[in-house]
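If you want the building blocks of each chain, they are given just below.
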Amino acid sequence: MVAPAGKSLTGFKHLKLSNQSCLSAVVNSLGWVLLCCQPGLSHGAIATVTRTFSVQASYSSGEPIAMAQVVVYSPENPDQPWTTGQTNEAGEFDFSPDMVGDWEVVIRQAGHGTTVNVPVSTTAIAPIDPQPTDSPTATLVSTSDPLTTSPLQRWVSAGAALWGLIGTVLFFSRGK
Amino acid sequence: MHIPDGFIPPQVCIVGYGLSGLITWHCLRQVQRHPDPAAQMPKASLLAAAFFVVTSIQIPLPPMSLHLVLSGLLGAVLGYYAFLAILIGLFFQALFLGHGGLSTLGVNSLIIGIPALVGYGIFHLRRWLPRALTPSVRDGISGFLAGAIGMMLAVTIFISLLIFAIPVGFDAATERMALLTLGIAHGPLVLVEGIFTALLVTFLRRTKPELLTGLVSKPTPEWATERISQPEPTNSGNYSADRLCD
């Protein structure tokens, strides 16, 4: 039921080079002039960096939710899916958001699953939880784990609930 | 069997809360009719604790993990208290374990609570079983049916709620297939739950029969006296207890 989401920062570099080599003899001079006037057209380089978010879905027992359906909603249109997909065997799914805002990722399999909000900003992403993750480069961006508390706290609170019930038993079964 | 937050439309959540509110009110009324409602409290609270623990334990059965629901068992042993015990158990699970959700608490209590009340009804049917059988066998059979049918009903309600609420974007066919697989995977658990309920009920009948007396709905003297005439020494005081418990 729990899908902690980790973010990995991946840079893609697209190098677009235009090449103008085969100009006919007739327009040779014209082309030469064009090349001289607009040097940017000939050897322009564009670098695009995209950020890929990697979502890892697992049950609270730690077992990954493999082959679950994933739907990603963009901040602009929260009603229509931006993209859909499936988690892999390890319960992972990657997507590259193209705008700033709160993205929503829904993971679902046989009525089980979770929803996680992914805050995307152009500048730096403030890690909400400084807990160390498996990969040193991955920073935890967001998690749908309602219990960001430590396992100890979780067990203590569950134990308190249990003790409340047992206490009720003892209270009502005390001698009259 | 616990629907998490955000998996069903808000309208369904609201209707779920409304219906479970009505059922809770009805159950509380039934409990209030009891001359001493507090008498059953230890039993109800103990089983709420058992429910809280047992239904939190996931049994890994690849590719999914399942858990028992104990609907039939709680219904058979607790009667109208079962719904209240389940409601409290589910509330604690949503709050402390992140199992289910607060917005879906109403719906989840219906998924597990209605089968409990049905299990209560089924367990009563033991009086219609052939008299030739010993009371212990009759209890066992009705306990098994209560447990097994309770589980089946819970799975059926769970799946049918989700199958009609597949949001846009999800591949409905895949999700339906996954839900049906989940239903089929619960087959062995239905038997486990039935056998477990039957064992517990027969065990209680042998050791602490007064714990089962809360089940009696309307004391029909004919069968109540018949039960007393059974050669079970501990049953001597049951008739008055039966009356009290209604």
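On a predicted model such as this, the values are computed, not experimentally measured, just so you know.

(A) Up close: the overall build of chain B. Of regular secondary structure, chain B possesses 10 helices and two strands. Order of helices (α) and strands (β) in chain B, N terminus to C terminus: α-α-β-β-α-α-α-α-α-α-α-α. When each of the 246 residues of chain B is scored for burial, the buried share is 48%. Long-range pairs, those at least 24 residues apart, make up 76% of the contacts in chain B between residues at least 6 apart in sequence.

(B) Region of interest: the overall build of chain A. If you tally the helices and strands in chain A, you get three helices and eight strands. Counting from the amino terminus, helix and strand elements in chain A follow one another as β-α-α-β-β-β-β-β-β-β-α. A total of 176 residues make up chain A; the buried ones form 24% of that total. Long-range pairs, those at least 24 residues apart, make up 62% of the contacts in chain A between residues at least 6 apart in sequence.

(C) Region of interest: the interface of chain B and chain A. With 35 residues of chain B at the interface, the matching set in chain A holds 31 residues. For the side of chain B that touches chain A, the secondary structure elements donating two or more residues are α2 (41-54), β2 (64-66), α4 (81-97), α6 (135-163) and α7 (172-185) of chain B. Examining the composition of the side of chain B that touches chain A, we find that eight residues originate from one element, α2(B), more than from any other.

(D) Molecular detail of the packing of helix α3 (residues 71-78) of chain B against α6(B). Residues and elements named next belong to chain B. Packing of α3 against α6 leaves a shortest axis separation of 7 Å and a crossing angle of 130°. One element, α3, and the other, α6, form an angle in the oblique class. As α3 packs across α6, the resulting crossing turns out to be right-handed. Contacts from S71, G72, L73, G75 and A76 of α3 reach α6 at G143, A146, G147, A148, I149, G150, M151 and A154.

(E) Structural view of unusual backbone geometry. Of note in the backbone geometry, A:M67 takes a positive phi value of approximately 55° without being a glycine. Notably, B:L70 is not glycine yet its phi reads approximately 60°, a positive angle. Its place among the elements puts B:L70 in the loop between β2 and α3. When the 30 C-beta atoms within 10 Å are taken as the criterion, B:L70 is described as buried.

(F) Main features of the nonpolar core. Grouped together as the largest cluster of nonpolar side chains are 72 residues, with contacts concentrated most on B:L74, B:A82, B:F83, B:A85 and B:I86. Per-element tally for this core: the top contributor is α6(B), with 14 residues. Those residues in contact with B:A85, other than ones at most four positions away along the chain, are B:A44, B:L47, B:A48, B:F51, B:L74 and B:L78. Judged by nonpolar contacts, the second largest core, of 18 residues, contains A:I65, A:A68, A:V70 and A:W82.

(G) Region of the structure containing the sheet that holds strand β7 (residues 112-120) of chain A. Residues and elements named next belong to chain A. The four strands lie next to each other as β4-β3-β6-β7, forming an open sheet whose pairing is antiparallel. Of all strands in the sheet, those with a lone pairing partner are β4 (81-86) and β7, marking the two edges. If you compare each strand with its neighbour and ignore which way they point, the axes differ by 20° on average. Across nine bridges, strand β6 (residues 101-109) lies against β7 in antiparallel orientation. Note that in β7 the partner of V105 across the bridge is V116.

(H) The arrangement of the packing of helix α1 (residues 10-32) of chain B against helix α5 (residues 105-124) of chain B in detail. Residue and element names in this part refer to chain B. Where α1 meets α5, the closest approach of the two axes is 7 Å, and the angle between their N-to-C directions is 55°. Viewed along their axes, α1 and α5 adopt a mutual orientation that is oblique. Between α1 and α5 lies a crossing of left-handed hand. Note on element contacts: α5 touches α1 through G106, V107, S109, L110 and G113, opposite V12, C13, G16, Y17, L19, S20 and I23. Along the lines of polarity and charge, the residues of the contact of α1 with α5 split into seven nonpolar, five polar and no charged.

(I) Expanded view of the UniProt feature "transmembrane region" (unreviewed entry) in chain B. Residues given the UniProt feature "transmembrane region" (unreviewed entry) here are residues 44-61, 73-96, 102-123, 144-166 and 178-204 of chain B. Overall, residues 144-166 of chain B shows 87% helix and 0% strand. The separation of its end C-alpha atoms is 34 Å.

(J) Broad picture of the environment of B:H2. Its place among the elements puts B:H2 in the segment before α1. If we ignore the near neighbours within four places in the chain, the residues touching B:H2 are B:H99, B:G100 and B:N108.

(K) Looking closely at the confidence of the model for chain B. Residue and element names in this part refer to chain B. Residues of chain B with pLDDT of at least 70 account for 85%, and the chain-wide mean is 82. Counting interchain partners and residues more than four positions distant, the pLDDT-below-50 stretch residues 215-230 has 23 contacts. Confidence drops under a pLDDT of 50 for residues 232-246, and excluding neighbours within four residues, the segment shows 30 contacts in the predicted structure. Model confidence for the complex is summarised by a pTM of 0.71, with the ipTM given as 0.70.

Quick notes on the rules
- Residues numbered from 1 in each chain as written.
- Chains lettered and ligands numbered in written order.
- Predicted model: local features only at pLDDT ≥ 70, side-chain atom pairs only at ≥ 80, totals over all residues.
- Helix = DSSP H or I, 4+ residues; strand = E, 2+ residues; numbered from the N terminus.
- Buried ≥ 20, exposed ≤ 12 C-beta atoms within 10 Å, placed from the backbone.
- Contact = placed C-beta atoms within 7 Å.
- Axes fitted to C-alpha atoms, helices over the stretch in contact; angles between N-to-C directions.
- Parallel < 35°, antiparallel > 145°, perpendicular 65-115°, else oblique.
- Left-handed = near helix turned anticlockwise from the far one by under 90°.
- Core = buried A, V, L, I, M, F, W, Y, C linked by C-beta atoms within 7 Å.
- Pairing = 2+ DSSP bridges.
- Nonpolar A, V, L, I, M, F, W, Y, C, P; charged D, E, K, R; others polar.
- UniProt positions renumbered as here; feature names shortened; annotations may be inferred.
- pLDDT = per-residue confidence, 0-100.

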